[in-house]
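A look at the structure
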Amino acid sequence: MKKIAVSWKAVQKIQNLFPWVYDNEILKMPANLPGGETVEIVSPEGRFLASGYANPASKICVRILAFEKQPVTPPFIENRIYEAVLKRKEFFAETDAVRLVHAEADGLPGLIVDSYAGYLSLQINTAGMEKRRESILGALRKQAFRGIYEKPDARARIKEGLPAEERVLDGEIPDRIEIREDEIRYHVRLRGGQKTGFYLDQRRNRKIVADYVRKGARVLDCFCHAGGFGMHAAVRGAGVVRFLDESRAALEQVEENASLNGVRQIETIKADAFDYLAGNVCGRPDYDLVILDPPSFAKTKRERHGALKGFRHLILNGARLLRPGGLLAVFSCSHHVEMEDLVRTVRDAAVETRRRPEVLEWLKQDLDHPVVPHFPPSLYLKGLLLRYP
Ligand code: SAH
């Protein structure tokens, strides 16, 4: 097998089970290594550290598949997929929409698989996984899912030098797939929809937040997508739920999901959330719950500062809409923003509003998106549920 020698700093990280090697940590690498090639990672004096796959064109030059000396064969990949699926069996009691494979957190860097009522949404996001496509599809096909739709993360694939195209790989994929989260039902659109189709990572937070919704509550769900949070609130008997998103397609899904769940007390608002909140701060503060679940503002470390400024704006103006005792749920889905950053931003905003919130809940992604302590970026979704006096 081809060998890549890495710096002492990288040796230490790998010994601590961190699964990436950056391009500036490489000491020696074979010339003209094709993207996705299986490699052995060795210390400067040639000692085995791990096996993985390389992509010299990427900043993350090697992604580790195994820290033990074992051949990284097609059955190895297939087994990892079976293990990941098996681990999630207990989820299916409460929902039929589950992330089955979550990349590095399941020992399968570059691979994401979601199941929506048995229809799979598949992302093969690195050259290394692209090279193992047949093993991946083989393992998934053996488990008798109803269909497979490839819905790549275009940004990730382009970085890896791969084409990005959505397509049906297996079976017939309906335009709308009905899924269930406890008693709530949603339509998911794979074709043309956002990301892998639906934001499964927020499942447990939708439920936690819904437990605080009282009958007749007034709710504003900002960055609502298909209505994830607000639909739970409406079904729990909220008096009015306003759904806000800049995407018309998302709001159409909200309307559809409202009929599916038999709720009428909804309104949709197509707007930029920043502008909308800034324009409404003078209104009567009469919301019981405001949800802020924006897309990732910090895709890189460098964008972190700007992201926090954005959060400050949202939190400040969101809190201004709350009646005394109202709740604000705020989320960040970038691993570059830490929980501590979010707390600090809440604190800074509170200095301006002179209202000191209490933290009711510390929130994170649901369990089918595992958090692995030796891979800190695996904890990417953080949230707070706050009560404002
Ligand atoms: N809360 C949702 C997921 C939100 S995903 C759930 O539980 O399923 C983020 C959403 O924010 C997307 O639907 C996207 O269209 C929307 N969005 C992105 N930027 C926005 C902006 N500036 N104003 C309003 N909506 C925005």
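Quantities reported herein were computed from a predicted structural model and do not represent experimental measurements.

When helices and strands are counted, the protein shows 11 helices and 20 strands. Computed over its C-alpha atoms, the radius of gyration of the protein comes to 22 Å, within 12% of the 21 Å expected for a compact globule of 389 residues. Its C-alpha atoms give the protein principal-axis dimensions of roughly 65 × 50 × 35 Å. Taking the contacts inside the protein whose residues are at least 6 apart along the sequence as the reference set, 64% of them involve residues at least 24 apart. For the protein, the distance from the average position of its 60 positive side-chain charges to the average position of its 52 negative side-chain charges is 3 Å.

On to the nonpolar core. By size, the foremost hydrophobic cluster in this structure holds 41 residues, and its most contacted members are Tyr116, Ile179, Phe198, Val219, Met231, Phe243 and Leu289. With 4 residues, helix α7 (residues 228-235) is the largest single contributor of residues to this core. Taken together, domain 2 (74-177) and domain 3 (199-388) each give at least three residues to this core, which thus spans both. Setting aside residues no more than four positions away along its own chain, Met231 makes contact with Ile184, Tyr186, Ala226, Phe243, Val254, Asn257, Ala258, Asn261 and Val263.

Here the protein is described as being made up of domain 1 (2-66), domain 2 (74-177) and domain 3 (199-388). Placing a centre on the C-alpha atoms of domain 2 and another on those of domain 3 gives a separation of 28 Å. Contact with domain 2, which involves 16 residues of that partner, is made by 14 residues of domain 3. Across the domain 2/domain 3 interface, buried area totals approximately 1100 Å², and carbon plus sulfur atoms make up 62% of it. Residue Glu94 pairs with Lys207 through a salt bridge whose shortest N-O separation is 3.1 Å.

Below, the discussion takes up the packing of aromatic side chains. Any pair of aromatic rings gets described here by the distance separating the centres and the angle formed by the planes. If you walk through the whole model with that rule in mind, you get 9 aromatic pairs. Summarising the aromatic geometry, the rings of Trp20 and Phe375 are spaced 5.0 Å apart at their centres and angled 75° between planes, so their arrangement reads as edge-to-face. Note that Trp20 is positioned in strand β2 (residues 20-22) and Phe375 in the loop between β19 (358-364) and β20 (382-387), a separation of 355 residues in sequence. Taken together, the ring pairs connect Phe18, Trp20, Tyr22 and Phe375 into an aromatic cluster. Taking the ring centre of Tyr287 as reference, the NZ or CZ of Arg218 above it sits at 5.7 Å.

Below, the discussion takes up the pattern of salt bridges. For the structure on display, the rule yields 35 salt bridges. With a closest N to O distance of 2.7 Å, Asp106 and Lys87 form a salt bridge. Here Asp106 is found in the loop between β7 (97-102) and β8 (111-116), whereas its partner Lys87 is found in helix α2 (residues 74-87), with 19 residues between them in sequence. Its relative accessible area of 45% is what places Lys87 among the partly exposed residues. A salt bridge links Arg387 to Glu358, with the shortest nitrogen-to-oxygen separation between them at 3.5 Å. Of this pair, Arg387 sits in strand β20 while Glu358 sits in strand β19, placing them 29 residues apart in sequence.

Further remarks concern the layout of surface pockets. Here the second largest pocket is characterised by a volume of approximately 240 Å³. As for the second largest pocket, its lining consists of 15 residues, of which Leu65, Phe67, Glu104, Gly107 and His374 are closest to the centre. Of all the elements, strand β6 (residues 60-66) adds the most residues to the lining of the second largest pocket, at 3 residues. Split into classes, the residues belonging to the lining of the second largest pocket amount to 10 nonpolar, 2 polar and 3 charged.

Overall, mixed pairing links the 5 strands, which are arranged β7-β8-β9-β10-β11 in an open sheet. Because the sheet does not close on itself, it has two edges, and the strands there are β7 and β11 (167-170). On average, each strand axis in the sheet is inclined to that of its neighbour by 25°, with strand direction left out of account. Pairing of strand β10 (residues 147-150) with β11 involves 3 bridges; the strand directions are antiparallel. Note on β11: the bridge partner recorded for Glu150 is Arg167. The sheet strands contacting helix α4 (residues 133-141) are β8, β9 (119-124), β10 and β11, and the helix crosses β9 at an angle near 165°.

Turning to the packing of helix α9 (residues 273-280) against helix α10 (residues 304-319), a few remarks are in order. It is at 9 Å that the axes of α9 and α10 come closest, and there the two elements cross at 40°. With respect to α10, the element α9 is oriented oblique. For α9 against α10, the interelement crossing comes out left-handed. Note on element contacts: α10 touches α9 through Gly310, His313, Leu314, Asn317 and Gly318, opposite Phe274, Leu277 and Ala278. Along the lines of polarity and charge, the residues of the contact of α9 with α10 split into 4 nonpolar, 4 polar and no charged.

The next subject is the state of the cysteines. Chemically, a disulfide is nothing more than a covalent bond linking the sulfur atoms of two cysteines. Applying the stated criterion across every chain yields a total of 0 disulfides. For the unlinked cysteine Cys333, the closest cysteine sulfur is that of Cys224, found at 15 Å.

About the cut-offs
- Residues numbered from 1 in each chain as written.
- Predicted model: local features only at pLDDT ≥ 70, side-chain atom pairs only at ≥ 80, totals over all residues.
- Heavy atoms only, no water.
- Helix = DSSP H or I, 4+ residues; strand = E, 2+ residues; numbered from the N terminus.
- Rg over C-alpha atoms; globule rule 2.2 N^0.38 Å.
- Contact = heavy atoms within 4.5 Å.
- Lys, Arg positive; Asp, Glu negative; His and termini not counted.
- Charge placed at Lys NZ, Arg CZ, Asp CG, Glu CD.
- Core = buried A, V, L, I, M, F, W, Y, C linked by side-chain atoms within 4.5 Å.
- Buried < 20%, exposed > 50% of the residue type's maximum accessible area, 1.4 Å probe, protein only.
- Domains from an automatic or database assignment.
- Buried area = accessible area lost by both parts, 1.4 Å probe.
- Salt bridge = Lys/Arg side-chain N within 4 Å of Asp/Glu carboxyl O.
- Phe/Tyr/Trp six-rings, centres within 6.5 Å; stacked < 30°, edge-to-face > 60°.
- Lys NZ or Arg CZ within 6 Å of the ring centre and 35° of its normal.
- 1 Å grid on protein atoms, 1.4 Å probe; cavity = no way out; pocket = protein on both sides within 12 Å on 5 of 7 lines; lining within 4 Å.
- Points joined across faces, edges and corners; volume = space filled by probe spheres on them.
- Nonpolar A, V, L, I, M, F, W, Y, C, P; charged D, E, K, R; others polar.
- Pairing = 2+ DSSP bridges.
- Axes fitted to C-alpha atoms, helices over the stretch in contact; angles between N-to-C directions.
- Parallel < 35°, antiparallel > 145°, perpendicular 65-115°, else oblique.
- Left-handed = near helix turned anticlockwise from the far one by under 90°.
- Disulfide = S-S within 2.5 Å.

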